[in-house]
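Spelled out from the first residue to the last, the chains are:
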Amino acid sequence: MTSGSSPHPPPVGEARPDPRVDEVLECLRSVIDPELGDTIVDLGMVRAVTISGDDVTVDVALTIAACPLRAQIERDVRGHVAALDWVRGVEVRVASMDAEERAAVMARARWKAREDAPETAVPARTRVLAIASGKGGVGKSSVTVNLGVALARRGFTVGILDADIWGFSVPRLLGMEGDVEARQGKMVPLEQTVGAGLVRVLSMGFLADEEQAIMWRGLVLNRAVQQFLQDAHWGDLDYLLIDLPPGTGDIQMGLARLLPRTELLVVTTPPVAAQKVAARAADMARRGYLRVAGVIENMSDFTCEHGTTYALFGSGGGERLAHSLGVPLVGSIPLHPDLAAAGDAGTPVAAAGGELADVFAEMARTIAEDVAPLIEAEGCSARLVQRVEAAVARGEAEAG
Ligand SMILES: Nc1ncnc2c1ncn2[C@@H]1O[C@H](COP(=O)(O)OP(=O)(O)OP(=O)(O)O)[C@@H](O)[C@H]1O
Ligand SMILES: [Mg+2]
């Protein structure tokens, strides 16, 4: 499947493959086909890795030439390979698969879908973005709710799953309260209209008050997120945002198993030792097969009332982290007292007008148009799988 060429070809009869080919392949395991929920390496989409000097050429085969994910996969491949420290140039050559290759990929995707991913109540077309960070208090929850609101203002239906079971803060930040009701034995998320769109929220905060929640400890922790994904009426969502607890623990791993197509948005503050967090996040993504879709820098500059801007915590951390992960920097959110105040008041800044709302609106635009656009196109891989399965089901029904 792969081949490598080094600047010094091995003597005739003695195969000495360039070990850097394996390194490239290993890093390509971070590139996931978000529709098929598997790495492009395991799906057999990487046809060849060729190394010449410090230049790398990757040949990628897509299920169909007009796949709407083409640009994303190309960019991911380029970004991840370029992040290897010895790489100087990256060329990505994209071709489309022949019928036989496509059948093999579909077989693998179907097998994996059956093997790995349990049924969830999240529709197949929903883009699932989990907001993660290496450490606590960097603004994951604030980013989640404001991004959710900004996406809803664009007209999307957005689910927000508060996966911070014990430290839940989404209800407070959104100013939503109430009890989750059950319909046919499943939880109904609380709903709020935002502009032309809709936000649907599930959180432990709607299930128990904080004192009660502590008593549930251990009993439900491992099951809570699973129940939020499986035993809930999410309905037809465009996006599902998942507010993760800090760190890289069980919840993240469980998510990788339950909903392997989840993509991570890693939140960082400028001063964080970028390399360390990057390594942790990337490692987690690799082990859990979660693709990192982008980096969001929070608490970057502070502009005082006189208009002077201070980089209180230094600058460039988000950019550095994004670069070392080989993914785009989705946005930078300034340090601003309004953000904290609005959170306390339960009126997210993204819901109103103003500078901060514009920052989140711009981030929502980047996500919707570039980083994680909805997959609408007919004929792309997931649609293919669905159609094949439907045809098989019809055939079986007719035969039976
Ligand atoms: N850009 C910002 N400017 C000012 N304050 C902010 C900003 N972002 C977040 N905050 C404040 O920082 C605190 C932590 O934010 P938040 O709760 O969103 O972080 P978190 O990463 O979800 O934390 P945890 O790891 O505890 O879940 C909150 O008080 C919040 O209002
Ligand atoms: Mg939080």
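Residues numbered from 1 in each chain as written. Chains lettered and ligands numbered in written order. Predicted model: local features only at pLDDT ≥ 70, side-chain atom pairs only at ≥ 80, totals over all residues. Heavy atoms only, no water.

As for the overall build of the protein chain
Regarding its fold elements, the protein chain presents 13 helices and 17 strands. In the protein chain, of all internal contacts separated by at least 6 residues, the share reaching a separation of at least 24 is 77%. As displayed, the protein chain offers around 17,900 Å² of accessible surface, 51% of which is attributable to carbon and sulfur atoms. (Helix = DSSP H or I, 4+ residues; strand = E, 2+ residues; numbered from the N terminus. Contact = heavy atoms within 4.5 Å. Areas by Shrake-Rupley, 256 points an atom, 1.4 Å probe, with all protein chains shown as cover.)

Points about the site of ligand 1
Taken together, 17 residues are adjacent to ligand 1, and Gly137, Lys140, Ser141, Ser142 and Asn298 come closest. Taking His336, its main chain carries an N or O atom lying 3.0 Å from a nitrogen atom of ligand 1. Contact with the protein chains hides 75% of the accessible area of ligand 1, taken as 630 Å² for the molecule alone. (Near = heavy atom within 4 Å. Polar contact = N/O pair within 3.5 Å; in protein donor to acceptor, adjacent residues only side chain to side chain.)

Some words on the confidence of the model for the protein chain
With 78% of its residues at a pLDDT of 70 or more, the protein chain shows a mean pLDDT of 81. Here residues 1-10 is modelled with pLDDT under 50, and outside its nearest four sequence neighbours on either side it reaches 24 contacts, counting other chains as well. In this model residues 395-400 is a low-confidence stretch, pLDDT under 50, and it forms 0 contacts with partners more than four residues away in sequence or in other chains. (pLDDT = per-residue confidence, 0-100.)

Quick look at helix H11 (residues 337-345)
Leu339, Ala342 and Gly343 are the residues of H11 that are buried. The buried residues of H11 occupy one face: seen down the axis, they fall within an arc of 105°. Away from its buried face, by an angle of more than 90 degrees, H11 presents the exposed residues Pro337, Asp344 and Ala345. Packed against the buried residues of H11 are helix H4 (140-153), helix H5 (170-174), strand E17 (329-333) and helix H12 (355-371). (Buried < 20%, exposed > 50% of the residue type's maximum accessible area, 1.4 Å probe, protein only. Arc of directions from axis to C-beta.)

Some details on the sheet that holds strand E3 (residues 46-52)
In a beta sheet, neighbouring strands pair by backbone hydrogen bonds and run either parallel or antiparallel. Strand order in the open sheet made by the 3 strands is E3-E4-E5, with mixed pairing throughout. Looking at which strands have only one partner, the edges of the open sheet turn out to be E3 and strand E5 (89-96). Each strand of the sheet is rotated relative to its neighbour by a mean of 15°, with strand direction disregarded. Here 8 bridges tie strand E4 (residues 55-62) to E5, and the two strands are oriented parallel to one another. Looking at E5, one finds that Leu62 is bridged to Ser96. Lying over the sheet, helix H1 (residues 19-28) contacts E3 and E4, oriented at roughly 135° with respect to E3. The strands touched by helix H2 (residues 70-82) are E4 and E5; relative to E5, the strand with the most contacts, the crossing angle is about 150°. (Pairing = 2+ DSSP bridges. Axes fitted to C-alpha atoms, helices over the stretch in contact; angles between N-to-C directions.)

Some words on the environment of Lys186
Structurally, Lys186 is set in strand E9 (residues 186-188). The exposure class assigned to Lys186 is partly exposed, which follows from its relative accessible area of 30%. Placed 41 residues apart in sequence, Lys186 and Gln227 show a C-alpha to C-alpha distance of 8.8 Å. Not counting chain neighbours up to four residues away, the residues in contact with Lys186 comprise Glu181, Gln230, Asp231, Ala232 and His233. A polar contact of 3.4 Å, which involves the side chain of Lys186, links it to the backbone oxygen of Gln230.

Some words on the nonpolar core
Buried together is how nonpolar side chains tend to be arranged in soluble globular proteins. Tyr239 and Leu240 are the most contacted members of the largest nonpolar core, which has 80 residues in total. Counting residues in each nonpolar core, the second largest holds 33 residues, with Leu28, Ala61, Trp86 and Val90 among its members. (Core = buried A, V, L, I, M, F, W, Y, C linked by side-chain atoms within 4.5 Å.)

Details of the sheet that holds strand E12 (residues 239-243)
What the 8 strands build is an open sheet, ordered E10-E11-E7-E12-E6-E13-E14-E17; its pairing is mixed. Here the strands that pair on one side only, and so sit at the sheet edges, are strand E10 (190-194) and E17. Neighbouring strand axes in the sheet, compared pairwise and without regard to direction, differ in orientation by 20° on average. Direction of pairing for E10 relative to strand E11 (residues 197-202): antiparallel, over a ladder of 5 bridges.

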